[in-house]
Amino acid sequence: MRKVIPLSELKIGMYVIEVTKQTGQVAVKTSGWVKKTQVIQTLANKGVVEVAIDPDKTIHAENDQTRPDIQSAPRSTERKDNIKPANVSLEMKKAKKLYSEAINLQEKIISDIKQGHSIEIAPIKELTNQLIDSIFRNQDALACMTRIRDKDAYLYEHSLNVSILMAIFAKHLGYVDKEIEQLAQSAFLHDIGKVLVPDEILHKPSRLTEDEFEIMQKHVEYGVETLQQSQGISEQCIEIVSLHHEKLNGCGYPKGLTQEQINQAGRMLTIVDIYDAMTAERVYKKGMTPSAAFKIMLSMAPAELDAELLQQFIKCMGIHPVGTVVLLNSGKLAIVTEANRINPLQPVVKVFYHVKHKRYSEIKDVNLAKAGCTESIDKAVKPEQFGVELIKFFKQVLSN
């Protein structure tokens, strides 16, 4: 039996007969089962748009005893085999230090570019590898750090947060080490071109004019040019950076690429970039709650965003992502500090404020999934609604 499908519908376990449509001229070996997510990405990178499959040979991994045949055996060189999991409170101390070091590196890179110097990739590789190691020890720690937003440091924090979230997303999708490293590095550098956008446009508190927006859009090209002029930065990294504002329906920029021209890495970066931008605190814009951002992003799929990848990202982050401030049914505010992969509505939280009494309470860890626990999440909230100074108290709470 033969069935032709677009590459976007290709799944792990399907048996590919041949490539039936592609934009590039690269020869692709296509016959065989799709064993990993990255195989699909490789096909996309080579311009494959459409393939023929044999549905009768599809292996359903979740139910089939032949599952080992479609998933490579763990390799001893992979982080998941060599890194020992850590308690979130223990990893938080390391994560805070790493986050601070990463901000310092971002500041140095931006300073170097402003002075006309090229980017040194070695420190970026070393730093992003340390971030990925932390994610494999306990991803909740760095995920928490991405929610501690300084509205005056958006340019530094945004690229760092996108790098962290991109690595978490890639880990969720089953990418191998080298691919996660490539994605994290690309995300770390994705907005570097904004350094060359005039400050009066970059930091304008009101809506940009049409001419100003055209200049702002140039940041993608500026970033690509800067990376091309720097030694040791891969073509794959540069390509991923070039794609982070493209949309599947061709309404993105700078090239107005369409679905078949945007690889999976570019689609992932677009999703993560939009999510972090929507939830960020800025001088002239309040950040949304994650749930509000997810709602808007879902309305952008499948026209602009990859619907399947977006669903996977939401699943990866959880209904109430780590670092989200939530209002409990008891009238207390708490920070989500550990995700519950089985029941996302019952994470571990740190209670720190009583809304009714308008005062900070004893900082206390509460496992909402624990038998006999009467606390539950009412909704995600913005702490400023209750007069809570987010950054100052977040840091105090998370250090306990």
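The structure presented is a predicted model; accordingly, all values stated were derived computationally and were not measured.

A.B. asks: Got a minute to help me understand the overall build of the chain in this structure?
C.D. replies: Scanning the chain from terminus to terminus reveals 15 helices and nine strands. For 400 residues, the compact-globule formula gives about 21 Å, and the C-alpha radius of gyration of the chain, at 22 Å, lands near that figure. Taken along the three principal axes of its C-alpha coordinates, the chain extends 65 × 55 × 40 Å. The buried share of the chain, reckoned over its 400 residues, is 52%.

A.B. asks: Looking at this structure, I do not really get the sheet that holds strand β5 (residues 325–328). What am I missing?
C.D. replies: Pairing between the strands of a sheet comes from backbone hydrogen bonds, and it takes one of two forms, parallel or antiparallel. Ordered in space as β8-β7-β6-β5-β9, the five strands form an open sheet in which the pairing is antiparallel. For this open sheet the edge positions go to β8 (359–367) and β9 (377–380), each flanked by a neighbour on one side alone. Looking at each pair of strands side by side, their axes are set apart by 30° on average, direction ignored. Strand direction decides the pairing type here: β5 and β9, joined by three bridges, are antiparallel. Its bridge partner lying in β9, Leu-327 is registered against Lys-379.

A.B. asks: Help me out: how do you make sense of helix α4 (residues 88–114) in this one?
C.D. replies: Helical geometry note: an α-helix holds 3.6 residues per turn, so side chains three or four residues apart project in the same direction. In this model, α4 (27 residues) spans 38 Å end to end at C-alpha, consistent with the 39 Å of a helix rising 1.5 Å per residue. Downstream of α4 by one or two residues, Gly-116 has phi in the positive range, about 85°.

A.B. asks: What is the right way to look at the side chain of Asp-54 in this model?
C.D. replies: Tracing the backbone through its elements, the reader meets Asp-54 in the loop between β4 (48–53) and α2 (67–70). Beyond its immediate stretch of four places on either side in the chain, Asp-54 contacts Met-1, Tyr-15 and Ile-17.

A.B. asks: Explanation requested: the environment of Ile-5 in the structure shown.
C.D. replies: Positionally, Ile-5 belongs in strand β1 (residues 3–6). Along the backbone, Ile-5 and Leu-368 are 363 residues apart, and their C-alpha atoms lie at a distance of 43 Å. If we skip the residues at most four places from it in the chain, Ile-5 touches Leu-10, Met-14, Glu-50, Val-51 and Ile-53.

A.B. asks: Teacher, can you tell me more about the packing of aromatic side chains here?
C.D. replies: For any two aromatic rings, the description comes down to two numbers: the centre-to-centre distance and the angle of the planes. Evaluated as defined, the whole model comprises seven aromatic pairs. Taking 6.0 Å as the distance between ring centres and 80° as the angle between the ring planes, the aromatic pair formed by Phe-213 and Tyr-253 counts as edge-to-face. You can see Phe-213 sitting in helix α9 (residues 210–217) and its partner Tyr-253 sitting in the loop between α11 (235–242) and α12 (264–279), a full 40 residues away along the chain. Assessed through its relative accessible area of 39%, Phe-213 is described here as partly exposed. In this structure Tyr-253 comes out as buried when scored by relative accessible area, which is 13%. Members of the aromatic cluster, each reached through a chain of ring pairs, are Phe-169, Tyr-275, Phe-294 and Phe-313. Over the aromatic face of Phe-136 sits the side chain of Lys-171, whose NZ or CZ is 5.5 Å from the ring centroid.

Criteria and thresholds
- Residues numbered from 1 in each chain as written.
- Predicted model: local features only at pLDDT ≥ 70, side-chain atom pairs only at ≥ 80, totals over all residues.
- Heavy atoms only, no water.
- Helix = DSSP H or I, 4+ residues; strand = E, 2+ residues; numbered from the N terminus.
- Rg over C-alpha atoms; globule rule 2.2 N^0.38 Å.
- Buried < 20%, exposed > 50% of the residue type's maximum accessible area, 1.4 Å probe, protein only.
- Pairing = 2+ DSSP bridges.
- Axes fitted to C-alpha atoms, helices over the stretch in contact; angles between N-to-C directions.
- Expected span 1.5 Å × (residues − 1).
- Contact = heavy atoms within 4.5 Å.
- Phe/Tyr/Trp six-rings, centres within 6.5 Å; stacked < 30°, edge-to-face > 60°.
- Lys NZ or Arg CZ within 6 Å of the ring centre and 35° of its normal.

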